[in-house]
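So the chains spell out like this:
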Amino acid sequence: MRKPPGVFATALVAATLLLPLRSAMTDQSAAPALTVSLVAPAQRDWPETVPASGWLKPWQEAIIASETSGLRVTEILAEVGSVVKKGQILVRLSQDSVLADLRKQEAAVVTAQANLTKAKANADRARQLRSSGALSDEKIIEYFADEQTATASLASEEAALDSQKIKLDQTTVTAVDDGLITSRSAELGAVVSSGTELFRLVRQQRVEWQAEVSARYLSRISEGLSVDIDGPDGRLLQGKVRLVGPSINTNTSRAIVYVALPQDVQPRTGLYVTGTIELTTTPALTVPETAIVFRDGINYVFTAGEDKRVRRVRVETGRRIDGEVEIVSGIDFSARVVTSGGAFLSDNDLVKIAGEG
């Protein structure tokens, strides 16, 4: 049965109208999704690092205390934050009673010296008269004993005098080393006792980082390794491993690594900071950090082929330094990696490559 001429005319008109639409759809599918820049992975020598975190603490802290008892603080010559030198006077204690005792002891020494002079004269006379029989043996022995007693008494009084001089020296409390005063307990007018803490001092103003490190890294950490610390004010601090702690915390399985900072670097103590300890330098295959696309917990990069279509490739990443990322697996040197914009791409998208016609 033959179709009416009107049917063919309608079909022809419909086909004519669909041709531009199909052509537009074809052109749209062939249009580049994005203009991208490509880069080849680079080979670099990067240090292997160990993450760590811990407190900035004094290298050594000295406690300055009173060595005598029962004396009153009469003058305080240092405050918290004072930078002091070894031997510098920090506190003066009352000297009145000590000076009185010193004068008394000096008089006791003079008396002991006079007694010794008299006893020695008697003993010398006894020695001269021993053979003559003018003195009994009992009297001679008594003179000799008096001489020995007077000699011992003088030595005792001189020792007591030295003790009083030491006590006088102790009324002036001095810094035991160069350093920075971090704490002051001394109060004007307070009566101190022996051992009373007056100041705390950071010796030589040296600060160290006590970094906590996982125990599995300890066998690879040794003295002298370089350390980078994220300073509290945003500055990068550099130090050296001074000591690896001998024990491991049984609760955290972490150990303390003591990191010495340069003496001219003096950050505030008591701050908690993070950093890395550099182990050995090893080769690394790297791409810019902007090339990494993170989706569903997985890292990807997009690579471009000769057909200018991109492929999404899963990669394993490692170290990150200065805006670059180590690629452990997934691509090699021959890959051409999209440096940015990967978040807007899909697998097999056609792209325009910057710098190419």
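Reading the values: rules and limits
Residues numbered from 1 in each chain as written. Predicted model: local features only at pLDDT ≥ 70, side-chain atom pairs only at ≥ 80, totals over all residues. Heavy atoms only, no water. Helix = DSSP H or I, 4+ residues; strand = E, 2+ residues; numbered from the N terminus. Phe/Tyr/Trp six-rings, centres within 6.5 Å; stacked < 30°, edge-to-face > 60°. Buried < 20%, exposed > 50% of the residue type's maximum accessible area, 1.4 Å probe, protein only. Lys NZ or Arg CZ within 6 Å of the ring centre and 35° of its normal. Pairing = 2+ DSSP bridges. 1 Å grid on protein atoms, 1.4 Å probe; cavity = no way out; pocket = protein on both sides within 12 Å on 5 of 7 lines; lining within 4 Å. Points joined across faces, edges and corners; volume = space filled by probe spheres on them. Domains from an automatic or database assignment. Nonpolar A, V, L, I, M, F, W, Y, C, P; charged D, E, K, R; others polar.

A.B. asks: Could you give an account of unusual backbone geometry, naming the residues involved and the relevant values?
C.D. replies: Of note in this structure, Ser253 is not a glycine but carries a positive phi near 55°. Examined against the element boundaries, Ser253 turns out to sit in the loop between strand E14 (236-249) and strand E15 (254-260).

A.B. asks: Summarise the packing of aromatic side chains; cite the residues concerned and give the values.
C.D. replies: By the definition in use, this model includes 1 aromatic pair. Between Trp55 and Tyr272, the aromatic rings sit 4.9 Å apart at their centres with planes inclined by 70°, giving edge-to-face as the arrangement. Separated by 217 residues along the polypeptide, Trp55 in strand E3 (residues 42-58) and Tyr272 in strand E16 (residues 272-288) bring together distant segments of the chain. Under the relative-accessibility criterion, Trp55 is labelled partly exposed at 41%. Judged by its relative accessible area of 45%, Tyr272 is partly exposed. Positioned above the aromatic ring of Tyr143, the side-chain terminus of Arg125 is 6.0 Å from the ring centre. Over the face of the ring belonging to Trp59 we find Arg206, whose NZ or CZ atom lies 3.9 Å from the ring centre.

A.B. asks: So, the sheet that holds strand E11 (residues 197-203): which residues are in play, and what are the values?
C.D. replies: Pairing is antiparallel in the open sheet, where 4 strands are placed in the order E4-E11-E9-E6. At either margin of the open sheet sits one strand with a lone partner, and together these are strand E4 (61-65) and strand E6 (83-84). In terms of strand pairing, E4 meets E11 through 5 bridges, oriented antiparallel. Counted as the bridge partner of Glu61 is Val202 from E11.

A.B. asks: Provide a residue-level description of the layout of surface pockets, including the pertinent values.
C.D. replies: Looking at the largest pocket, its volume works out to about 340 Å³. Elements represented by at least two residues in the lining of the largest pocket include exactly E3, strand E13 (226-230), E16 and strand E20 (316-321). No other element matches E3, which puts 5 residues into the lining of the largest pocket. Each of domain 1 (35-44 + 284-353) and domain 2 (51-60 + 204-282) gives at least three residues to the lining of the largest pocket. Computed from the structure, the second largest pocket encloses a volume of approximately 190 Å³. Lining the second largest pocket are Leu180, Thr182, Val202, Gln205, Val207, Gln266, Pro267, Arg268 and Thr269. Residues belonging to the lining of the second largest pocket are distributed by class as follows: 4 nonpolar, 4 polar and 1 charged.

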